[in-house]
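Overview (structure and organization)
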Amino acid sequence: GGDSAVWAPQSGLSNPLATETEASPEQTTTYQVTIFNEFGCTTIDSVKVIIEECTELVVPTAFSPNNDGYNDTFGYVDGRLDALETFQVFDRWGNLVFSTDQLNQRWNGLLDNFNSSPAKPGVYIYVIKGRCNNEKVVKRGNVTLIR
């Protein structure tokens, strides 16, 4: 209900003298705002803007798609992505055996991009590309498929 405001700190704010402003701090920041109205009254309040850190994606080194309920699918298990651009798995000759852009989809050990037959045991190469807090995240590595 005020006419003007002063925000502190002012860094990361689109307009530090407006009653409404957009905050884009680089790290978690607590902003204090003092609002003034036409009668000389002031109100002071604060708001904390929390920036969640992007964590490195944790990916297992092996999986066994044998339908026993343990490690039957492959994908990242820890780390935060806001969006997935691609998750691809290749055989050792560079042939694409799995691809998705769905954030929670995992590889089940089938040759999904071809005839849905089981992939052979061995080492496969994966590439995961996504975004976290508007930062590009890329993770590459190997996974062993055990039958």
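My aim in this report is to walk through the structure given alongside it, one point at a time.

Description of the sheet that holds strand β2 (residues 29-36)
In a beta sheet, neighbouring strands pair by backbone hydrogen bonds and run either parallel or antiparallel. Across the sheet, which stays open at both edges, the 3 strands sit in the order β1-β2-β3 with antiparallel pairing between neighbours. At either margin of the open sheet sits one strand with a lone partner, and together these are β1 (4-8) and β3 (42-49). Taking the axes of each pair of neighbouring strands and ignoring which way they run, one obtains an average angle of 20 degrees across the sheet. Of the strand pairs in this sheet, β1 and β2 are connected by 5 bridges, and their pairing is antiparallel. Bridge pairing in β2 links Ala5 to Ile35.

Examining the pairing of strand β8 (residues 135-145)
Pairing analysis gives 2 bridges linking strand β4 (residues 62-63) to β8, with the strands arranged parallel. Bridging from a neighbouring strand, Phe63 pairs with Leu145 of β8. Linking strand β7 (residues 122-132) back to β8 in an antiparallel pair, the connection comprises 2 residues, with Asn133 at a positive phi of about 50 degrees.

Points about the pairing of strand β6 (residues 96-100)
By the bridge criterion, 4 bridges tie strand β5 (residues 83-90) to β6 in an arrangement that is antiparallel. When the sheet's bridge partners are listed, Val89 is paired in β6 with Phe98. A loop of 5 residues connects β5 with β6, the two strands running antiparallel in sequence, and Gly94 in this loop sits at a positive phi of about 90 degrees.

What to know about the nonpolar core
The biggest cluster of nonpolar side chains holds 21 residues, and the ones touching the most others in it are Phe74, Phe87, Val89, Trp107, Tyr124, Tyr126 and Ile128. Elements supplying a minimum of two residues to this core: β5, β6, β7 and β8. The contact partners of Phe87, leaving out residues within four places of it in the chain, are Phe74, Gly75, Phe98, Ser99, Thr100, Gln105, Arg106, Trp107, Tyr126, Val127 and Ile128. Residues Trp7, Leu13, Tyr31 and Val33 belong to the second largest nonpolar core, which totals 5 residues.

Describing the environment of Leu96
With respect to the helices and strands, the residue Leu96 is situated in strand β6. According to the relative accessible area criterion, Leu96 is partly exposed, its value standing at 27%. Counting along the chain gives 15 residues from Leu96 to Leu111, while the straight-line C-alpha distance between them is 8.8 Å.

Focus: the environment of Asp68
Along the chain, Asp68 falls in the loop between β4 and β5. A C-alpha to C-alpha distance of 24 Å links Asp68 and Ser99, two positions 31 residues apart in sequence.

Some details on the pattern of salt bridges
A complete count under the given rule lists 3 salt bridges for this structure. The salt bridge partner of Arg80 is Asp82, with a shortest N-O separation of 3.1 Å. In this structure, Arg131 engages Glu85 in a salt bridge whose closest nitrogen and oxygen atoms are separated by 3.6 Å. Remark: Glu85 occurs in strand β5 and Arg131 occurs in strand β7; sequence separation between them is 46 residues.

Observations concerning the side chain of Lys139
For Lys139, the location among the structural elements is in strand β8. Here Glu56 takes part through its side chain, which lies 3.2 Å from a polar atom of the side chain of Lys139. Within the local environment of Lys139, its side chain forms a polar contact with the backbone oxygen of Leu57, the two atoms lying 3.5 Å apart. Excluding residues that lie within four positions of it along the chain, Lys139 makes contacts with Glu56, Leu57, Val59, Tyr126, Val127 and Ile128.

The rules behind these values
Residues numbered from 1 in each chain as written. Predicted model: local features only at pLDDT ≥ 70, side-chain atom pairs only at ≥ 80, totals over all residues. Heavy atoms only, no water. Pairing = 2+ DSSP bridges. Helix = DSSP H or I, 4+ residues; strand = E, 2+ residues; numbered from the N terminus. Axes fitted to C-alpha atoms, helices over the stretch in contact; angles between N-to-C directions. Core = buried A, V, L, I, M, F, W, Y, C linked by side-chain atoms within 4.5 Å. Buried < 20%, exposed > 50% of the residue type's maximum accessible area, 1.4 Å probe, protein only. Contact = heavy atoms within 4.5 Å. Salt bridge = Lys/Arg side-chain N within 4 Å of Asp/Glu carboxyl O. Polar contact = N/O pair within 3.5 Å; in protein donor to acceptor, adjacent residues only side chain to side chain.

Limitation: the analysis is restricted to geometry and does not speak to function.
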